[in-house]
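Given next are the chains, with one letter for each unit.
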Amino acid sequence: MIRTVLAVTVLAFGVSALVAQGDPIAARQALMKANGDQSRIATEMLNGKRPFDLDAAKKVFIVFAESGEKAKALFPDNSKTGGDTAALPAIWEKKADFDAKLNKFADESKAAAAATTNLDTFKAQIAEVRKNCGGCHTPYRKKAS
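Residues numbered from 1 in each chain as written. Predicted model: local features only at pLDDT ≥ 70, side-chain atom pairs only at ≥ 80, totals over all residues. Heavy atoms only, no water.

Engineer: Go over the overall build of the protein with me, naming the residues and quoting the values.
Structural biologist: Along the protein, the regular secondary structure elements total 6 helices and 0 strands. Overall, the protein shows an N-to-C arrangement of helices and strands of α-α-α-α-α-α. Residue burial in the protein is summarised as follows: out of 145 residues, 28% are buried. For the protein, long-range pairs separated by at least 24 residues make up 76% of all intrachain contacts whose partners lie at least 6 apart in sequence. Surface accessibility of the protein: about 9,000 Å² in total, with carbon and sulfur atoms responsible for 60%. (Helix = DSSP H or I, 4+ residues; strand = E, 2+ residues; numbered from the N terminus. Buried < 20%, exposed > 50% of the residue type's maximum accessible area, 1.4 Å probe, protein only. Contact = heavy atoms within 4.5 Å. Areas by Shrake-Rupley, 256 points an atom, 1.4 Å probe, with all protein chains shown as cover.)

Right, here's the structure in full:
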């Protein structure tokens, strides 16, 4: 059983890597969808629509941290246009700032996972980490019409 889980995990990672190489726009959209899914879980716990679960709360931050780390590779020069992308040209014009914001998001998410021990600490940590979302989305993402 453990071997099967490990094999599936390795296969999934390999497929993700191939998708990222072949279609970075689709890969980054999948990454952001995963962030959105985790953000919804966090909101449901914060609003009492889902019971607080420490493991689920920490997973929110772990997914965010992984996203911050992986996202930098998903904006190669050949993905500036094409596909259904909301990425603005400013990403490539200010790549160092963009990457720094992703690093900050990843680092703060890791720290938040470690600092979260109950609902109250989760509330404080998620409020801080979510500030990073606008830090990238405002200057680097087209507004939805």
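That was the structure; now back to the text.
Engineer: Got a sec to walk through the pattern of salt bridges? Specific residues and values, please.
Structural biologist: Side chains that differ in sign of charge can pair as their charged atoms come close. Counted under the stated rule, the structure contains 8 salt bridges. We note a salt bridge from arginine 40 to aspartate 37, for which the minimum N-O separation is 2.5 Å. Remark: aspartate 37 and arginine 40 occur in helix 2 (residues 24–46); sequence separation between them is 3 residues, near one turn of the helix. A residue is classified by how much of its surface remains accessible, and aspartate 37, at 27% relative accessible area, is partly exposed. For the salt bridge of lysine 101 with aspartate 97, the shortest nitrogen-to-oxygen distance reads 4.0 Å. In this pair, lysine 101 and aspartate 97 are both assigned in helix 5 (residues 95–115), 4 residues apart and thus about one turn of the helix distant. By relative accessible area, aspartate 97 is classed as partly exposed at 34%. (Salt bridge = Lys/Arg side-chain N within 4 Å of Asp/Glu carboxyl O.)

Engineer: Describe the confidence of the model for the protein, and please don't skip the residues or the numbers.
Structural biologist: With 85% of its residues at a pLDDT of at least 70, the protein reaches an overall mean of 89. For the protein, helix 1 (residues 2–22) is the element with the lowest average pLDDT, namely 50, and helix 3 (residues 54–71) is the one with the highest, namely 98. (pLDDT = per-residue confidence, 0-100.)

Engineer: Provide a residue-level description of the state of the cysteines, including the pertinent values.
Structural biologist: All told, the structure shown has 0 disulfides when counted by the stated rule. This cysteine, cysteine 133, is not joined by any disulfide, and cysteine 136 carries the nearest cysteine sulfur, 8.6 Å off. We classify cysteine 133 as partly exposed; its relative accessible area is 29%. Under the relative-accessibility criterion, cysteine 136 is labelled buried at 11%. (Disulfide = S-S within 2.5 Å.)

Engineer: Outline the environment of alanine 144, listing residues and values.
Structural biologist: Checked against the element boundaries, alanine 144 lands in the segment after helix 6 (119–140). Accessibility expressed as a relative area gives 80% for alanine 144, which makes it exposed. Sequence separation of alanine 144 and alanine 86 is 58 residues, and the distance between their C-alpha atoms is 8.3 Å.

Engineer: Describe the packing of aromatic side chains, listing the residues and the values that go with them.
Structural biologist: For the structure shown, the criterion picks out 6 aromatic pairs. Relative to phenylalanine 122, the ring of phenylalanine 61 lies with its centre 5.6 Å away and its plane at 65°, an arrangement referred to as edge-to-face. One end of the pair, phenylalanine 61, is in helix 3; the other, phenylalanine 122, is in helix 6, with 61 residues separating them in the sequence. Residue phenylalanine 61 shares its accessibility class with phenylalanine 122, and that shared class is buried. Judged by centre distance (4.9 Å) and plane angle (75°), the ring pair of phenylalanine 75 and phenylalanine 98 falls under edge-to-face. Of this pair, phenylalanine 75 sits in the loop between helix 3 and helix 4 (90–93) while phenylalanine 98 sits in helix 5; the two residues are 23 residues apart in sequence, bridging distant segments of the chain. (Phe/Tyr/Trp six-rings, centres within 6.5 Å; stacked < 30°, edge-to-face > 60°.)

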